[in-house]
Amino acid sequence: MLCLMLSAVAAHAQAPAWADGRSFEGPVTLHFTAPGRTARTVHGTGSARWLADAGSARFVLQADEPRTNTRVHLVFEGNITGSGWRSAAGPVTLAVNPDGRITGGGTDPALQRTLAFAGVVHETTLHLQTHTALARAEGGLPVGTEITAEYALTRPASSLSSAGEDCRRQGMNVVPSRSTGLPPRGTCP
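Rules used in this analysis
Residues numbered from 1 in each chain as written. Predicted model: local features only at pLDDT ≥ 70, side-chain atom pairs only at ≥ 80, totals over all residues. Heavy atoms only, no water. Helix = DSSP H or I, 4+ residues; strand = E, 2+ residues; numbered from the N terminus. Buried < 20%, exposed > 50% of the residue type's maximum accessible area, 1.4 Å probe, protein only. Contact = heavy atoms within 4.5 Å. Areas by Shrake-Rupley, 256 points an atom, 1.4 Å probe, with all protein chains shown as cover. Pairing = 2+ DSSP bridges. Core = buried A, V, L, I, M, F, W, Y, C linked by side-chain atoms within 4.5 Å. Salt bridge = Lys/Arg side-chain N within 4 Å of Asp/Glu carboxyl O. pLDDT = per-residue confidence, 0-100. Phe/Tyr/Trp six-rings, centres within 6.5 Å; stacked < 30°, edge-to-face > 60°.

A.B. asks: Sorry, what's going on with the overall build of the protein here?
C.D. replies: When helices and strands are tallied, the protein shows one helix and 12 strands. In sequence order, the secondary structure elements of the protein are arranged as β-β-β-β-β-β-β-β-β-β-β-β-α. A burial count over the protein gives 38% of its 189 residues as buried. Put simply, of all contacts in the protein between residues at least 6 apart along the chain, 49% involve residues at least 24 apart. Only carbon and sulfur atoms are counted for the fraction: they give 55% of the accessible area of the protein, which is about 10000 Å².

Right, here's the structure in full:
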């Protein structure tokens, strides 16, 4: 079994829409390339979310592919920066820019892995590619194995639309329309 785990630490501020704690879920495609072996591609499922917890904003990325017994579990502690997010300093870092672009990477000397991240996140979609290179044999895979995971995750739009934000700011209420019997229109959810 190959299990990828990582952790780091820091604090948070006002969260962007994509960092509201709701999970992005969907398919993950894993590509294995090992020296002296035929490349292999398998399909699994994955999830990602940012969780605000006691002064930090934790990013949790997971994938599961049962046929090859591959599990990915990455955890980065970090902080919200304006409309972006940045992991705490460490050998492997991750960041989300204000435009939703995801970047990062580094080498974890304890695990002897080099990781790279590239992608983009919006309120309802998260597309991420992770690349892992093994500097030691692990889970039946030889030194030099490279694993690329492609996440295509989605989630429903938030029930709080921009109209909902305006309603909270202006103190509007939902008032049923009795004259037509139809649901209210143009009112706050």
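A.B. asks: Mind showing me how you'd approach the pairing of strand E7 (residues 84-87) here?
C.D. replies: Successive residues of a regular strand alternate their side chains across the two faces of the sheet. Of the pairings in the sheet, the one linking strand E6 (residues 78-81) to E7 comprises four bridges and is antiparallel in character. Bridging across to E7, Thr-81 finds its partner in Gly-84. Pairing of E7 with strand E8 (residues 92-96), which is carried by two bridges, proceeds in the antiparallel orientation. Of the residues in E8, the one forming a bridge with Trp-85 is Val-96.

A.B. asks: What am I meant to see in the nonpolar core here?
C.D. replies: Within the largest apolar cluster, 33 residues are counted, with the highest numbers of intra-cluster contacts made by Trp-50, Trp-85, Leu-126 and Tyr-151. Mapped onto this core, the elements with two or more residues apiece are strand E2 (24-33), strand E3 (40-53), strand E4 (56-65), strand E5 (70-76), E8, strand E10 (113-121), strand E11 (125-134) and strand E12 (146-154). Setting aside its immediate chain neighbours within four residues, Trp-85 contacts Trp-18, Trp-50, Ala-57, Phe-59, Phe-76, Glu-77, Gly-78, Asn-79, Ile-80, Leu-94, Ala-95 and Val-96.

A.B. asks: Sorry if this is basic, but what is going on with the pattern of salt bridges here?
C.D. replies: Pairs may arise between side chains of opposite charge once their charged atoms sit close together. Within this structure, the stated rule accounts for eight salt bridges. For Arg-113, the salt bridge identified is with Glu-138, shortest N-O distance 2.2 Å. Of this pair, Arg-113 sits in strand E10 while Glu-138 sits in the loop between E11 and E12; the two residues are 25 residues apart in sequence, bridging distant segments of the chain. Given the relative accessible area of 4%, Arg-113 is considered buried. Residue classification places Glu-138 among the buried positions, given a relative accessible area of 12%. Here the residues in one salt-bridge network are Asp-20, Arg-22, Glu-123 and Arg-155, joined through shared partners.

A.B. asks: Sorry, what's going on with the confidence of the model for the protein here?
C.D. replies: Low pLDDT marks stretches whose predicted atomic positions should not be read closely. When pLDDT is averaged along the protein, the result is 81; 75% of the residues meet or exceed 70. In the model, residues 1-13 has pLDDT below 50 throughout and makes 54 contacts with residues more than four positions away in sequence or in other chains. Taken as a whole, residues 161-189 scores under 50 in pLDDT and shows 16 contacts with residues more than four places along the chain or in a different chain.

A.B. asks: I tried to follow the packing of aromatic side chains on my own but got confused; where do I start?
C.D. replies: In this description, an aromatic ring pair is defined by two values, namely the gap between the centres and the angle between the planes. One pass over the full model with this rule turns up five aromatic pairs. Seen from their ring centres, Phe-59 and Trp-85 are 6.0 Å apart, and the 55° between their planes marks the pair as tilted. Of the two residues, Phe-59 sits in strand E4 while Trp-85 sits in strand E7, which places them 26 residues apart along the sequence. A residue is classified by how much of its surface remains accessible, and Trp-85, at 1% relative accessible area, is buried. Geometrically, the ring pair formed by Phe-76 and Phe-117 is edge-to-face, given 5.8 Å between the ring centres and 85° between the ring planes. Residue Phe-76 is located in strand E5, and its partner Phe-117 is located in strand E10; the two are separated by 41 residues in the primary sequence. For the pair Phe-76 and Phe-117, a shared accessibility class is recorded, and that class is buried. Among the aromatic residues, ring-to-ring pairing joins Trp-18, Trp-50, Phe-59 and Trp-85 into one connected group.

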